[in-house]
Amino acid sequence: MKLGVAAAFAILSVPIASAQEVLSADETAALCHGGGSICVSASIPARSTLAAQSWMSPDVGTAWAAGYKGKGVTITLVDDFSSTSRFSGNFGIGTQYQRHGEWTREEASMIAPAATIRSKDFSTGTAVSLASGRNVLNLSYGMYTTAGYSPNQIWWAPEEASIITYATKGSAIVSKAAGNDSVAVGGITGGQQDYLDLALIGKPTAIFVGALSTNGTTANKAQLAWYSDYAGSNPAVQSHFLVVGVEGDKTGLYGTSFAAPIISGYAAIIGSKFTKATPVQITNDLLNTARTDTLVNYDPSIYGKGEASLSRALAPVAIH
């Protein structure tokens, strides 16, 4: 069920298919982005003293206590930072009224408070630049057009072309919101497909992120949120699909848009422990340490690799 996807023609040239750039539909609002050519490079106030919040997995506080908060890793949020569309929520620090990108940016910065946070307004279409050191890119949006094309028929704008290249070459970890149409990743909804999903399938550092209705435990297992897209039957998607809890009953924020920044934060935290690890190694560490015993009726076609486990990902002495 879609709760309103506000779409605009994407800033890209598409000779075969005219793709649209849209936010995944969140339960909170129908969102769109403005057309201003603004690339925001924002600084997020240091949150090193912020307490772990109840919507987070307890693993986050444990990682912080061990000294791992994302230092040395840059998270770039590619999102809406220029539109007039705002909505309310509360990450435990008071109710705020923000743009979609401001919410995803704040969430990632709260998970990994020592990471460097950068913002890239997705209405510009310009290439995403990488910082020195390790990079994580957060994509809480999709690129939709009429179903039936292959990704190589899309003439991508420099923005998405750069992201796809980074995921292909393993230059950056790409955390991609799975979508909120209750279909398999890359599936057809309303006669359209998310071609950014399709283009990232099989790329070594791309992770598709679905939403659970709560953080899972062995005593209280979690299940996929009713709106979340799932892994589907493609083994290439299953092997790069993770789920995390999106506890909207606590924050007022629902959707896989708010699952992806959790994985972005986890990746930064892992990078702050394993300082020599490559993006591919960090990606594989996240995927290979996911839990299945915290999920209701685990099935790889639903949950992919399972629920991301920050504690398990941080447990090794080294990763390879």
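The model shown is predicted, which means the values in this text are computed figures rather than measured ones. Residues take numbers from 1 onward in each chain, read along the sequence in its written order. The predicted origin of the model limits local features to residues at a pLDDT of at least 70 and limits the giving and counting of side-chain atom pairs to 80 or more, whereas totals for whole chains, interfaces and linings rest on all residues. Only hydrogens and water are set aside when side-chain values are computed; all heavy atoms of the structure are taken into account.

What counts as a salt bridge is simple: a side-chain nitrogen of Lys or Arg found within 4 Å of a carboxyl oxygen of Asp or Glu. Under the counting rule described, the total for this entry stands at seven salt bridges. Here K176 ties to D194 by a salt bridge, and the two come within 2.9 Å at their closest N and O atoms. Highlighted residues: K176 in strand 9 (residues 173–177) and D194 in strand 10 (residues 192–194), separated in sequence by 18 residues. We note that K176, like D194, is buried. Linking E247 and K250 is a salt bridge whose minimum nitrogen-to-oxygen distance equals 2.7 Å. Working definition: with a 1.4 Å probe on protein chains only, accessible area under 20% of the residue-type maximum means buried, over 50% means exposed, and in between means partly exposed. Since its relative accessible area comes to 6%, E247 is described here as buried. Think of it this way: any DSSP run of H or I at least four residues long counts as a helix, any run of E at least two long counts as a strand, and we number them from the N terminus.

We now examine helix 7 (residues 260–273). An ideal rise of 1.5 Å per residue puts 20 Å on 14 residues; helix 7 measures up with 21 Å between its terminal C-alpha atoms. Burial analysis of helix 7 places 13 of its 14 residues in the buried class, which makes it a mostly covered element. Expected helix span is taken as 1.5 Å per residue step, with the number of steps being one fewer than the number of residues.

With that out of the way, let us pick up the sheet that holds strand 12 (residues 241–245). In spatial order, the strands read 6-3-7-9-11-12-13; together these seven strands make up an open sheet with parallel pairing. The sheet terminates laterally at strand 6 (116–121) and strand 13 (306–307), the two strands that pair on one side only. Here, any two strands with at least 2 DSSP bridges between them count as paired. Here strand 12 pairs with strand 13 via two bridges, running parallel. From the neighbouring strand, L242 faces strand 13, where its bridge partner is G306. Sheet strands touched by helix 7: strand 3 (73–79), strand 7 (134–139), strand 9, strand 11 (206–212) and strand 12. Its angle to strand 7, the strand with the most contacts, is close to 175°. Should any heavy atoms of two residues lie within 4.5 Å, those residues are considered in contact. Helix axes are fitted only over the stretch in contact, all axes being lines through C-alpha atoms; the angle between N-to-C directions runs from 0 to 180 degrees.

Right, let's get into the pairing of strand 9. The buried count for strand 9 comes to five of five residues, which makes it a mostly enclosed element. Of the two faces of strand 9, the one holding I173, S175 and A177 and the one holding V174 and K176 are both buried throughout. With four bridges joining them, strand 7 and strand 9 adopt parallel strand pairing. In the strand pairing of strand 9, N138 is matched with S175. When strand 9 meets strand 11, the two strands line up parallel, connected through four bridges. Looking at strand 11, one finds that S175 is bridged to I207.

Let's shift gears to the packing of helix 7 against helix 8 (residues 279–288). Helix 8 packs onto helix 7 with a crossing angle of 115° between their chain directions and a minimal axis gap of 10 Å. Between helix 7 and helix 8 lies a crossing whose hand is right-handed. Residue-level inspection shows I263, Y266, A267, I270 and G271 of helix 7 in contact with helix 8, the latter providing I282, D285 and L286. Note on residue categories: nonpolar means Ala, Val, Leu, Ile, Met, Phe, Trp, Tyr, Cys or Pro, charged means Asp, Glu, Lys or Arg, and polar means any other residue, Gly included. Residues of the contact of helix 7 with helix 8, tallied by class, amount to six nonpolar, one polar and one charged. Rotating anticlockwise by less than a right angle from the far helix to the near helix defines a left-handed crossing, while the corresponding clockwise rotation defines a right-handed one.

Across its twelve residues, helix 2 (residues 100–111) extends 17 Å between first and last C-alpha, which sits within 8% of the 16 Å expected from 1.5 Å per residue. With twelve of twelve residues buried, helix 2 lies mostly within the body of the structure. Turning to helix 2, its buried residues number three or more, namely H100, G101, E102, W103, T104, R105, E106, E107, A108, S109, M110 and I111.

For Phe, Tyr and Trp, rings pair up if their centres lie within 6.5 Å, where Trp contributes its six-membered ring, and each pair is then called stacked (planes under 30 degrees apart), edge-to-face (over 60) or tilted (otherwise). In total, this model carries seven aromatic pairs according to the counting rule given. Note on F91 and W103: the rings are 5.4 Å apart at their centroids and 75° apart in plane angle, and the pair reads as edge-to-face. Residue F91 is located in the loop between strand 4 (87–89) and strand 5 (96–98), and its partner W103 is located in helix 2; the two are separated by twelve residues in the primary sequence. Here W226 and Y227 contribute two aromatic rings whose centre-to-centre distance is 5.5 Å and whose plane-to-plane angle is 85°, an arrangement assigned as edge-to-face. Taking relative accessible area as the criterion, Y227 reaches 5% and is therefore assigned buried. One aromatic cluster is present, formed by W55, F87, F91 and W103 through successive ring pairs.

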